[in-house]
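Okay, here's what each chain looks like letter by letter:
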Amino acid sequence: MSESKKISVGILGSTRGSALRPIVDAWQQGELGVDLSVVISNRKSAGILEYAREQGIPAIRVSAKDRDREEFDREVSNQLRQHGVQIVLMIGYMRIVSPPFVEEWRGRLLNIHPSLLPRHGGLMDLDVHRSVLEAGDAESGCTLHLAEEEVDAGRIVLQKTCPVVPGETPESLKAKVQELEAESFLELLRNPREFLDIAE
C-alpha cells in the first residue's frame, strides 16, 4: 500500500498502553496499512504518552480539569482533526466518551473490551476476568467493537478467544487476553478497509 493510501490513526489511552507496543513495532516495520498520527491521553503521567514520545509519535495530554465531558471531548476531537486522523482507537482509555464525540467519529471509533461481549459487559480491568472465572466460562477473550453512546455496545468488528484453564487467576487471564487485544488491533490495522467503511 502506498504512503498516500495509508489511513491516519489516532490513539486515545489512559494507562501504560501495552497493546500499543506491538502496533508500533509492526508500523515501524512497514507491516500496517496505516500511519500512527497522534496519541492523546487525559492523564499527564500515562505511560502510553511517554512510550509514544520515545517512538517519535506526537503525544498530547488533554486536561479534563474544570471541563465537562463534552467540552473535554471537543478538545480531543480538535486535536484528532489537526492531526488528520481518520480512525480512532481507544486503548486502555478510562473515560466514557460523550454522545457528540461518538456522533462525530461514528463508524471510525473503536474500543476493545477484555471479554467476549455481550458477556461481562459493563465491567473493567480485573473485574472482567473475575466475572469470567466466577461464571465458570470455558473460554474468554476480547472484543474489538465500534463505540456507541451505550457502553460496551456497537457492532462487533472481531473477537479472539482463549481457553480458561484450571487454576486460572484474574491476573493470568488478563495477561492472556491482553495478548489477544494486541493481535486484534494488528489484524484490523493491517487492512482497515476490510473491516471499516473508510473513504479513499
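Values in this document were obtained by computation on a predicted structure and should not be read as measured data.

Novice: Where do I start with the pattern of salt bridges in this structure?
Specialist: When their charged atoms lie close together, side chains carrying opposite charge are able to pair. A full pass over the atoms with the stated rule returns nine salt bridges. The closest approach of N and O atoms between R106 and E148, which form a salt bridge, is 2.4 Å. Residue R106 is located in the loop between helix 4 (99-104) and strand 5 (109-113), and its partner E148 is located in the loop between strand 6 (139-146) and strand 7 (156-163); the two are separated by 42 residues in the primary sequence. In this structure, R130 and D127 form a salt bridge, with 2.9 Å as the shortest nitrogen-oxygen distance. One end of the pair is R130 and the other is D127, both in helix 5 (residues 126-135) and three residues apart, which spans about a single turn. Through salt bridges with shared partners, a single network forms among E103, R106, E148 and E149.

Novice: Got a minute to help me understand unusual backbone geometry in this structure?
Specialist: A negative phi angle characterises most non-glycine residues, just as the trans form characterises most peptide bonds. L117 connects to P118 through a cis peptide bond whose omega is 10 degrees. As for its placement among the helices and strands, P118 is situated in the loop between strand 5 and helix 5. Phi is positive for H120, which is not a glycine, with a value near 65 degrees. Its place among the elements puts H120 in the loop between strand 5 and helix 5. The exposure class of H120 is buried, given its relative accessible area of 13%. The phi dihedral of D125 falls on the positive side, at around 50 degrees, and the residue is not glycine. Examined against the element boundaries, D125 turns out to sit in the loop between strand 5 and helix 5.

Novice: I tried to follow the side chain of N111 on my own but got confused; where do I start?
Specialist: Among the structural elements, N111 can be located in strand 5. You can call N111 buried: its relative accessible area is 17%. Discounting residues that sit within four places of it in the chain, N111 has contacts with M90, T143, L144, H145 and D152.

Novice: Would you mind showing me how to read the packing of helix 1 (residues 20-28) against helix 6 (residues 170-190) here?
Specialist: Between two packed helices, the angle of one axis relative to the other and the distance separating the axes together describe the packing. Where helix 1 meets helix 6, the closest approach of the two axes is 8 Å, and the angle between their N-to-C directions is 35 degrees. Judged by the twist between their axes, the crossing of helix 1 over helix 6 is right-handed. Contacts between helix 1 and helix 6 involve P22, I23 and A26 from the former and A182, F185, L186 and L189 from the latter. Tallied by class, residues from the contact of helix 1 with helix 6 come to seven nonpolar, no polar and no charged.

Novice: Please clarify how the environment of V128 should be interpreted in this entry.
Specialist: On the secondary structure map, V128 appears in helix 5. Taking the relative accessible area as the measure of exposure, V128 reaches 0% and is therefore buried. A C-alpha to C-alpha distance of 15 Å links V128 and L144, two positions 16 residues apart in sequence. Excluding its chain neighbours within four sequence positions, the residues that come into contact with V128 are H113, P114, S115, H120 and L123.

Novice: It is not clear to me how the layout of surface pockets should be interpreted in this structure. Could you clarify?
Specialist: A water-sized probe, rolled over the atoms, reveals where empty space remains. Taken as a whole, the largest pocket spans an internal volume of roughly 820 Å³. Taken together, 34 residues form the lining of the largest pocket, with G92, Y93, M94, I112 and M124 sitting closest to its centre. Looking at the lining of the largest pocket, the elements with two or more residues in it are strand 5 and helix 6. Per-element tally for the lining of the largest pocket: the top contributor is helix 6, with five residues. Taken together, the residues of the lining of the largest pocket sort by class into 15 nonpolar, 10 polar and nine charged.

Novice: Honestly, helix 1 in this entry has me stumped. Any pointers?
Specialist: Three- or four-residue spacings in an α-helix give side chains the same orientation, since the helix completes a turn every 3.6 residues. Of all the residues in helix 1, the buried ones are L20, I23, V24 and A26. Burial along helix 1 is one-sided: seen end-on, the buried residues are contained in an arc of 165 degrees. On the buried face of helix 1, the contacting elements are strand 1 (7-12), strand 2 (34-41), helix 2 (47-54) and helix 6. Remark: G30 follows helix 1 within two positions and exhibits a positive phi of approximately 75 degrees.

Rules used in this analysis
Residues numbered from 1 in each chain as written. Predicted model: local features only at pLDDT ≥ 70, side-chain atom pairs only at ≥ 80, totals over all residues. Heavy atoms only, no water. Salt bridge = Lys/Arg side-chain N within 4 Å of Asp/Glu carboxyl O. Helix = DSSP H or I, 4+ residues; strand = E, 2+ residues; numbered from the N terminus. Buried < 20%, exposed > 50% of the residue type's maximum accessible area, 1.4 Å probe, protein only. Contact = heavy atoms within 4.5 Å. Axes fitted to C-alpha atoms, helices over the stretch in contact; angles between N-to-C directions. Left-handed = near helix turned anticlockwise from the far one by under 90°. Nonpolar A, V, L, I, M, F, W, Y, C, P; charged D, E, K, R; others polar. 1 Å grid on protein atoms, 1.4 Å probe; cavity = no way out; pocket = protein on both sides within 12 Å on 5 of 7 lines; lining within 4 Å. Points joined across faces, edges and corners; volume = space filled by probe spheres on them. Arc of directions from axis to C-beta.

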